[in-house]
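Structure assessment
Residue-level listing of the chains:
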Amino acid sequence: MTGRFIAFEGGEGSGKSTQARRLADHLGALLTREPGGTPLGERLRQLVLDPPQSEAPSDRAEALMIAAARAQHVAEVVKPALEKGQDVVSDRFIGSSLAYQGAGRLLGVSEVEAVSLFATDGLQADLNIFIDVDEATAQERLNRSLDRIELAGKDFHSQVAEAYRKIATNDPEHWVVINGNATVDEVTEEIMIAINQRL
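Procedures and definitions
Residues numbered from 1 in each chain as written. Predicted model: local features only at pLDDT ≥ 70, side-chain atom pairs only at ≥ 80, totals over all residues. Heavy atoms only, no water. Helix = DSSP H or I, 4+ residues; strand = E, 2+ residues; numbered from the N terminus. Buried < 20%, exposed > 50% of the residue type's maximum accessible area, 1.4 Å probe, protein only. Contact = heavy atoms within 4.5 Å. Polar contact = N/O pair within 3.5 Å; in protein donor to acceptor, adjacent residues only side chain to side chain. Core = buried A, V, L, I, M, F, W, Y, C linked by side-chain atoms within 4.5 Å. Phe/Tyr/Trp six-rings, centres within 6.5 Å; stacked < 30°, edge-to-face > 60°.

Turning our eyes to something else, we now look at the environment of Met192. Residue position: Met192 is located in helix H8 (residues 184-198). Judged by its relative accessible area of 18%, Met192 is buried. Residues Met192 and His26, spaced 166 residues apart in sequence, show a C-alpha to C-alpha distance of 9.2 Å. With near-sequence residues (within four places) excluded, Met192 lies in contact with Arg22, Leu23 and His26.

Right, here's the structure in full:
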C-alpha cells in the first residue's frame, strides 16, 4: 500500500500554505514544502528566494536549484513516506516549476517539466490543488516582507497565473481548480469536497 500524494499550487497570496496545513491535519498526512523539506533543500531555498544581492541566480540556475532541492526532497522525504503508506501533502511541487520557471521565466514549460521529472525519478502528485485568486485579493494578503520571486513584478505573476490555469485545464485528471477568493473556511470546504470526490 502506498500513500496518496497531494500538492498545493498557486501564486503568491493564494492561501495555499494555510490550506495545505489544514488538509494535512485532516488526513493525518506528512506536511512538507518546496523548495525545502530537507536540510539541503532549505539551504537551496534560501539561495533562491533571499540570496545576497550580488549572488542572485540566473533564471536557468534558479530552475536547476529548485530541481536539485526537489530531487533531495523526493529521495529523503516524499518517497519514503509514500512507500510506508503515509499520505503526503506538499506546499508546491512540479506545477510550481512549470508555472514560475517554465512560463514566468520563459524557460519553456516542456523543458522545465523534463528537468523536474528527472529530479523526481518520474514521481508526480496524485492530485494537484490549484488555488486560483484574483490579483487584488492576492495583493491584499501579502502583508509581509517579500522574497525575490514575490518581487518579480506584475507581468511575471500574471504569466504564472495564466500558466497555472492552462496546465490545470489541460490535465483535469490530476488537477483541480479551487476558487481562492472565498473565505478561508469556504476554500477548505471546497477542497474537502474535491478530495472526497477524487481520492
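Within the secondary structure layout, Asp91 lies in strand S3 (residues 88-91). Only 2.6 Å separates the side chain of Asp91 from the side chain of Lys16, close enough to count as a polar contact. For Asp91, the side chain forms a polar contact with the side chain of Ser17, separated by 2.5 Å. Once residues lying within four places of it in the same chain are set aside, the contact partners of Asp91 are Phe8, Lys16, Ser17, Thr32, Arg33 and Glu34.

Attention now goes to the nonpolar core. Ranked by size, the top nonpolar core spans 33 residues in total, and within it Phe5, Tyr100 and Tyr164 carry the most contacts. For this core, the secondary-structure elements that each account for two or more residues are strand S1 (5-9), helix H2 (39-49), helix H3 (59-83), helix H4 (94-104) and helix H7 (154-170). Among residues more than four places away in sequence, those in contact with Tyr100 are Gly10, Gly11, Glu12, Arg92, Arg105, Ile149, Phe156, His157, Val160 and Tyr164. The next biggest cluster of nonpolar side chains, apart from the first, holds 18 residues, and it includes Ala20, Ala29, Met192 and Ile195.

What follows covers unusual backbone geometry. Glu34 connects to Pro35 through a cis peptide bond whose omega is -15 degrees. Tracing the chain through its elements places Pro35 in the loop between strand S2 (30-33) and H2. Even without glycine at this site, Asp121 takes up a positive phi of about 55 degrees. Following the sequence through the fold, Asp121 ends up in the loop between helix H5 (109-120) and strand S4 (127-132).

Next up on the list: the side chain of Thr32. With respect to the element layout, Thr32 can be found in strand S2. Looking at Thr32, its side chain comes within polar contact range of the side chain of His73, at 2.8 Å. When sequence neighbours within four positions are dropped, the list of residues in contact with Thr32 reads Gly37, His73, Val77, Val88, Val89, Ser90 and Asp91.

Turning next to the packing of aromatic side chains. Evaluation of the coordinates by the stated rule reveals 5 aromatic pairs. Ring geometry for Phe130 and Tyr164: centres 4.9 Å apart, planes at 20 degrees, overall stacked. Linking Phe130 in strand S4 with Tyr164 in helix H7, this pair joins segments that are 34 residues apart in sequence. A residue is classified by how much of its surface remains accessible, and Phe130, at 2% relative accessible area, is buried. Judged by relative accessible area, Tyr164 falls into the buried class, the value being 0%. An aromatic cluster of three or more residues is present, and its members are Tyr100, Phe130, Phe156, Tyr164 and Trp175.

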